[in-house]
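Breakdown of the fold
Single-letter residue listing:
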Amino acid sequence: VQLQASGGGSVQAGGSLKLSCKASRIISSEFWASRMAWYRQAPGKQRELVAELSSGGSTNYEDSVKGRFTISKNNANKMVYLQMNSLEAEDTAVYYCNVETESRSYWGQGTLVTVSS
């Protein structure tokens, strides 16, 4: 499985970005059954879970992003998204997409989000 993340960039506080993650080399049924997630790692900090989406459609968000970020996926295109609104300087980090199948966990290369206040 390969994951290609995109959509990062620089934005002012209060702005929005949408991150995308394209999964390849994975069969559709395995993608549908996988848990999807976005993590982030800010400078000098540990990687943390931002949002996750179960195969059944349940979502979970880190407290600081609740109401601002939305995780979603498109099974047909094998895409995972993270819509980020009302961005804050504290959201500055490298964001990683993660797909967890029954057998193992896969990571994208990371995309940098910089929010200026």
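A brief report on the enclosed structure follows. (Residues numbered from 1 in each chain as written. Predicted model: local features only at pLDDT ≥ 70, side-chain atom pairs only at ≥ 80, totals over all residues. Heavy atoms only, no water.)

**With respect to the state of the cysteines**
Quick note on the threshold: Any pair of cysteine sulfurs within 2.5 Å is marked as a disulfide. We count a stretch as a helix when DSSP gives it H or I for four or more residues in a row; a strand needs E for two or more, and each element gets its number in order from the N terminus. Using a 1.4 Å probe on the protein chains alone, a residue whose accessible area is under 20% of its type maximum counts as buried, one over 50% counts as exposed, and one in between counts as partly exposed.
Under the counting rule described, the total for this entry stands at 1 disulfide. The side chain of Cys-21 participates in a disulfide bridge whose partner is Cys-97; the two sulfur atoms lie 2.1 Å from each other. Around the S-S axis, the bridge from Cys-21 to Cys-97 shows a dihedral of about 50° and counts as right-handed. Residue Cys-21 is located in strand S3 (residues 17-24), and its partner Cys-97 is located in strand S9 (residues 93-100); the two are separated by 76 residues in the primary sequence. Cys-21 sits in the buried class, given a relative accessible area of 1%.

**Notes on the pattern of salt bridges**
So the rule is basically this: Salt bridges are identified by distance alone: a Lys or Arg side-chain nitrogen within 4 Å of an Asp or Glu carboxyl oxygen.
Counted according to the given criterion, the structure contains 8 salt bridges. For Arg-35, the salt bridge is made with Glu-100, and the minimal N-O distance between the two is 3.7 Å. Highlighted residues: Arg-35 in strand S4 (residues 35-41) and Glu-100 in strand S9, separated in sequence by 65 residues. Arg-40 serves as the salt-bridge partner of Asp-91, at 3.0 Å between the closest nitrogen and oxygen. With Asp-91 in the loop between strand S8 (79-84) and S9 and Arg-40 in strand S4, the pair connects residues that are 51 residues apart, well separated along the chain. Of the two residues, Asp-91 and Arg-40, both sit in the buried class. Residues joined in a network through salt bridges with shared partners are Arg-40, Glu-48, Glu-62, Arg-68, Glu-88 and Asp-91.

**As for the packing of aromatic side chains**
Note the cut-off: To pair, rings of Phe, Tyr and Trp, with the six-membered ring standing in for Trp, must have centres within 6.5 Å; the planes then decide the type, stacked if under 30 degrees apart, edge-to-face if over 60, and tilted in the middle. Distance and angle both matter: a charge sits over a ring if NZ of Lys or CZ of Arg is within 6 Å of the ring centre and within 35 degrees of the ring normal.
Here the structure, examined in full by the defined rule, presents 1 aromatic pair. The residue whose ring lies beneath Arg-47 is Tyr-96, and the NZ or CZ to ring-centre distance is 3.8 Å.

**Focus: the side chain of Arg-35**
This is how it is decided: In protein, a polar contact means a hydrogen-donor-capable atom and an acceptor-capable atom, both N or O and within 3.5 Å, with residues adjacent in sequence counting only if both atoms are side-chain atoms; elsewhere, any N or O pair within 3.5 Å suffices. For this analysis, residues touch if any pair of their heavy atoms sits within 4.5 Å.
Looking at Arg-35, the relative accessible area reads 17%, which means it is buried. A distance of 2.8 Å separates polar atoms of two side chains, one belonging to Arg-35 and the other to Glu-52. Here the side chain of Arg-35 touches Asn-98 through a polar contact of 3.2 Å, side chain to side chain. The residues touching Arg-35, leaving out its near neighbours within four places in the chain, are Leu-49, Glu-52, Leu-53, Asn-98, Val-99 and Glu-100.

**Some words on the nonpolar core**
Filter applied, for reference: Only buried residues count toward a nonpolar core. Its members are Ala, Val, Leu, Ile, Met, Phe, Trp, Tyr and Cys residues joined through side-chain atoms within 4.5 Å.
In this structure, Trp-38, Phe-69, Ile-71, Leu-82, Met-84 and Tyr-95 are the most contacted members of the largest nonpolar core, which totals 30 residues. For this core, the elements supplying multiple residues, two or more each, are strand S1 (2-6), S3, S4, strand S5 (48-53), strand S7 (69-74), S8, S9 and strand S11 (111-116). Residues contacting Ile-71, with those up to four places away along its chain left out, are Met-36, Ala-37, Trp-38, Ala-51, Glu-52, Leu-53, Thr-59, Tyr-61, Val-80, Tyr-81 and Leu-82.

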